[in-house]
Amino acid sequence: MGMFERTSGAVHRGRSVIATFAAFVLIESSVLSAQTIQTFRGAQKTPHSAIATKAPWWKHAVIYEIYPRSFQDSNGDGIGDLNGITERLDYLQALGVDAIWLSPIYPSPQIDFGYDISDYENIDPQYGTLADFDRFASEANKRGIRIIMDMVMNHTSDRHPWFLESKSSRTNPKHDWYIWRDGRSGGAPPPDNPPNNWTSIFGHSAWQYEASRGQYYYHRFYIQQPDLNWRNPAVEKAMFGAVRFWLDRGVAGFRLDAIPTLFEDPKLTDAKQLPGTNAYGDANQDTSLYENLPEVHGVMRRLRTMVDKYSGQRVVIGETYLPNIAELDKWYGGAKHNELQLPMDMQVGFINKLDATVFRERISDAETKINGNQPLFVFDNHDNIRSWNRYGEGTHDELIARLLAAILFTTRCTALMYYGQELGMTTTTPERKEDVKDPIGITGWPREKGRDGERTPMQWDPSQNSGFSTATSTWLPVAPDYTTKNVKAEQDDPNSLFNWYKQLIAMRRTDPTLRDDRGRAQVPAREPVGLRSARLPEARARGREADLQAALRAVRLRRHGLEDQARAARPDRREVPVRRTPPDRELTRVQQASVSG
Ligand code: GLC
Ligand code: CA
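Residues numbered from 1 in each chain as written. Chains lettered and ligands numbered in written order. Predicted model: local features only at pLDDT ≥ 70, side-chain atom pairs only at ≥ 80, totals over all residues. Heavy atoms only, no water.

Here's the deal with the sheet that holds strand β10 (residues 315-318)
Here is step 1 of the chain: The strand order across the open sheet formed by eight strands is β11-β10-β7-β3-β2-β1-β13-β12, and the pairing between neighbours is parallel. Both outer strands of the open sheet, β11 (342-343) and β12 (376-378), are each paired with one neighbouring strand and no more.
Here is step 2 of the chain: Pairing of β12 with strand β13 (residues 414-418) involves three bridges; the strand directions are parallel. Among the inter-strand pairings, Val378 is bridged to a residue of β13, identified as Leu416.
Here is step 3 of the chain: Those strands touched by helix α12 (residues 397-410) are β1 (62-66), β12 and β13, and its axis lies near 140° from that of β13. (Pairing = 2+ DSSP bridges. Helix = DSSP H or I, 4+ residues; strand = E, 2+ residues; numbered from the N terminus. Contact = heavy atoms within 4.5 Å. Axes fitted to C-alpha atoms, helices over the stretch in contact; angles between N-to-C directions.)

Printed below as a string of structure tokens:
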């Protein structure tokens with residue numbers, strides 16, 4: 001199954017008391033909270049205080065994903081833009097962000113809100129101009145913040161000039177730039193005889209009939225996102241040209257969108273049908289004929305070679321939903337280290353239940369089974385229900401959010417976070433079909449309500465539209481909890497989740513044991529995962545023990561009731577039941593791709 005097909009597994013409902021993991025949350029979070037407040041306040045003023053290390057910057061980085069439509073609107077049209085992000089750079093600097101990953105800001109018909117690109121070398125007027133981009137980049141640079149661009153190489157918009165040309169005839173120079181095929185002979189007439197049974201991640205057949213050629217083109221995503229033909233060297237050359245355009249402009253690197261979808265089985269063999277149906281009512285399919293084909297690794301090696309010719313430690317990140325750690329290792333180039341520096345590890349962040357054993361295994365896999373490459377952990381992005389809702393059980397959501405943050409910032413990984421995660425922003429899924437903006441939410445209603453819920457505007461302050469925009473209505477409504485959950489309120493509260501994030505990030509900067517330190521002894525098997533599996537024990541051992549003990553005693557007193565309850569519940573239950581919010585949405589789009597083997 002693919003990355004957006006979601007589990008229809010049983011809902012665990014929250015009747016049980018706190019279990020092992022929550023107990024661990026309470027105890028460990030408390031320790032850290034007290035510790036950071038006592039020890040690290042001073043460090044926050046210099047978030048970019050140089051880290052004394054020769055390792056490239058991205059090995060210690062906190063990367064912050066911005067969904068540009070939703071971060072800050074500067075011109076009052078209800079849609080976020082580049083000048084808006086520039087206005088908010090001081091905030092990101094104060095939080096301690098090293099790099100921004102910008103979801104696509106290129107010209108686009110906005111069917112998939114920017115992931116359908118019609119020009120790779122410009123800026124969509126909704127978001128600004130190239131001059132705005134340059135100003136944004138230079139202001140970011142002044143603050144020690146790098147820019148990572150989203151690069152969509154699998155497909156273009158159906159309005160891209162390449163596609164317009166390609167679809168115009170069977171003989172034009174770009175006729176083979178996309179995946180064109182005749183329909184199956186016999187059976188129904190076009191458009192109902194697609195070349196094979198493959199389905200789109202976004203629902204229904206992956207083939208669209210085009211009368212001007214009398215043929216079908218393949219689209220793994222929306223109909224308006226035709227897949228490029230990566231078996232044609234001219235496609236690679238053109239796309240690498242777009243990559244160079246941005247490298248020459250000075251960006252720090254790329255996040256490669258949906259990169260395992262680059263190649264398909266050239267024979268177009270029918271996919272094996274699997275039991276059950278997806279949210280769109282299509283039969284489930286084995287995706288191994290059109291996802292994660294080995295040919296993609298050649299492209300990754302050539303891309304890396306090109307990127308490495310640039311100075312300034314450019315980095316390539318991959319959107320890599322994969323079935324296991326061995327598959328992930330291939331995306332680094334394994335022991336050769338010659339593909340991506342940071343393919344995303346989706347094994348840790350999308351476990352979706354607080355199962356200490358599973359967390360332990362996955363973190364340990366990332367630390368030991370990728371040939372010394374650098375793990376990149378991520379809990380939140382613009383495609384999935386926010387971790388607040390995926391892991392929360394309704395009672396200890398904020399403590400759980402603190403624990404997840406602790407795992408993100410204190411394991412030996414590069415940390416990727418999503419705007420608003422630091423505030424505990426929640427998922428606000430539309431309640432009525434007519435309010436849905438993300439097309440999959442319309443095709444899939446009511447089983448799949450789309451991704452609007454995790455894309456609501458950033459919550460800056462308690463004023464109208466939460467300070468996001470002065471428009472009368474914004475492209476998505478601001479989540480109702482903005483009056484209390486916003487940057488302003490949380491900055492002022494030393495115990496807020498925001499300050500927890502800020503302190504953890506500062507602490508990671510100043511304490512190398514929280515991020516480096518390979519080859520340390522494995523954590524004993526029965527010890528809870530999380531901070532213990534990270535570096536806190538070592539930090540303790542190196543002289544802060546007394547402070548920590550004092551802090552722990554204080555916190556224990558304060559949280560007396562809760563902690564006792566947690567201990568009582570601890571003996572052998574391992575999972576905290578997962579509350580699914582909103583209750584009628586399926587848990588997550590992310591599922592490990594079932595690549596065979
Ligand atoms: C990636 C993006 C997602 C987009 C899809 C198609 O998964 O994260 O938002 O819809 O690719 O480009
Ligand atoms: Ca493809």
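Next comes the rest of the description.
Side note on the sheet that holds strand β4 (residues 180-181)
Here is step 1 of the chain: Spatially, three strands are ordered β4-β6-β5 in an open sheet, and the strand pairing comes out antiparallel. Sheet topology places β4 and β5 (207-210) at the edges, where each strand pairs with a single neighbour.

Things to note about the coordination of the calcium ion (ligand 2)
Here is step 1 of the chain: Looking at the metal site, the calcium ion (ligand 2) is ligated by Asn154 (OD1), Asp227 (OD), Thr261 (O), Leu262 (O) and Glu264 (OE), spaced 2.1 to 3.1 Å from it.
Here is step 2 of the chain: Along the chain, the residues that donate to the calcium ion (ligand 2) are spaced as N-x72-D-x33-T-L-x1-E. With Asn154 in the loop between β3 (146-151) and α5 (161-168) and Glu264 in the loop between β7 (253-256) and β8 (273-277), the pair connects residues that are 110 residues apart, well separated along the chain. As far as burial versus exposure is concerned, Asn154 and Glu264 are alike and both buried. (Donors = N, O, S within 2.8 Å, 3.2 Å for Na, K, Ca; no water. Buried < 20%, exposed > 50% of the residue type's maximum accessible area, 1.4 Å probe, protein only.)

A closer look at the packing of aromatic side chains
Here is step 1 of the chain: Across all of its chains, the model carries 30 aromatic pairs by this definition.
Here is step 2 of the chain: Relative to Trp475, the ring of Phe113 has its centre 4.9 Å away and its plane inclined at 55°; by these criteria the two rings are tilted. Of this pair, Phe113 sits in the loop between β2 (99-102) and α4 (130-142) while Trp475 is found in the loop between α13 (439-443) and α14 (487-492), placing the two residues 362 residues apart along the sequence. Accessibility classification places Phe113 together with Trp475 in one group, the buried group.
Here is step 3 of the chain: When the centroid spacing of 6.2 Å and the interplanar angle of 65° are considered together, the rings of Phe379 and Tyr391 count as edge-to-face. Of this pair, Phe379 sits in the loop between β12 and α11 (387-391) while Tyr391 sits in helix α11; the two residues are twelve residues apart in sequence, bridging distant segments of the chain.
Here is step 4 of the chain: Cation over ring: Lys449 sits above Trp445, and NZ or CZ is 4.9 Å from the ring centre.
Here is step 5 of the chain: Across the ring face of Trp388, the terminal group of Lys485 is positioned such that the distance to the ring centre comes to 3.7 Å. (Phe/Tyr/Trp six-rings, centres within 6.5 Å; stacked < 30°, edge-to-face > 60°. Lys NZ or Arg CZ within 6 Å of the ring centre and 35° of its normal.)

Details of the packing of α12 against helix α15 (residues 497-510)
In a pair of packed helices, the angle between the axes and the distance between the axes together describe the arrangement.
Here is step 1 of the chain: Where α12 contacts α15, the axes come no closer than 10 Å and their chain directions differ by 15°. Considering the angle they form, α12 stands roughly parallel to α15. Of the two possible hands of crossing, α12 and α15 adopt the one that is right-handed. Counting all contacts with α12, which are made through Glu398, Ala401, Arg402, Ala405, Ala406, Leu408, Phe409 and Thr410, the residues of α15 involved are Leu497, Trp500, Tyr501, Leu504, Ile505 and Arg508.
Here is step 2 of the chain: Of the residues belonging to the contact of α12 with α15, the class tally is ten nonpolar, one polar and three charged. (Parallel < 35°, antiparallel > 145°, perpendicular 65-115°, else oblique. Left-handed = near helix turned anticlockwise from the far one by under 90°. Nonpolar A, V, L, I, M, F, W, Y, C, P; charged D, E, K, R; others polar.)

Structural notes on the site of ligand 1
Here is step 1 of the chain: Looking at ligand 1, there are 15 residues lining it, with Asp112, Asp257, Glu319, His382 and Asp383 nearest.
Here is step 2 of the chain: Separating an oxygen atom of ligand 1 from a side-chain N or O atom of His155 is a distance of 3.0 Å.
Here is step 3 of the chain: Within the side chain of Asp257, one N or O atom sits 2.8 Å away from an oxygen atom of ligand 1.
Here is step 4 of the chain: For ligand 1, the protein covers 100% of the area, taking 310 Å² as the surface of the free molecule.
Here is step 5 of the chain: Split into classes, the residues belonging to the shell around ligand 1 amount to five nonpolar, three polar and seven charged. (Near = heavy atom within 4 Å. Polar contact = N/O pair within 3.5 Å; in protein donor to acceptor, adjacent residues only side chain to side chain. Areas by Shrake-Rupley, 256 points an atom, 1.4 Å probe, with all protein chains shown as cover.)

Brief notes about the pattern of salt bridges
Here is step 1 of the chain: In total, this model carries 27 salt bridges according to the counting rule given.
Here is step 2 of the chain: A salt bridge links Asp365 to Lys369, with the shortest nitrogen-to-oxygen separation between them at 2.9 Å.
Here is step 3 of the chain: Residue classification places Asp365 among the buried positions, given a relative accessible area of 19%.
Here is step 4 of the chain: Of the charged contacts, one joins Arg390 and Asp380 as a salt bridge, the two residues approaching to 4.0 Å between their closest N and O atoms. Taken together, the positions of Arg390 in helix α11 and Asp380 in the loop between β12 and α11 put the pair ten residues apart, joining distant regions of the chain. For the pair shown, Arg390 and Asp380 are each scored as buried. (Salt bridge = Lys/Arg side-chain N within 4 Å of Asp/Glu carboxyl O.)

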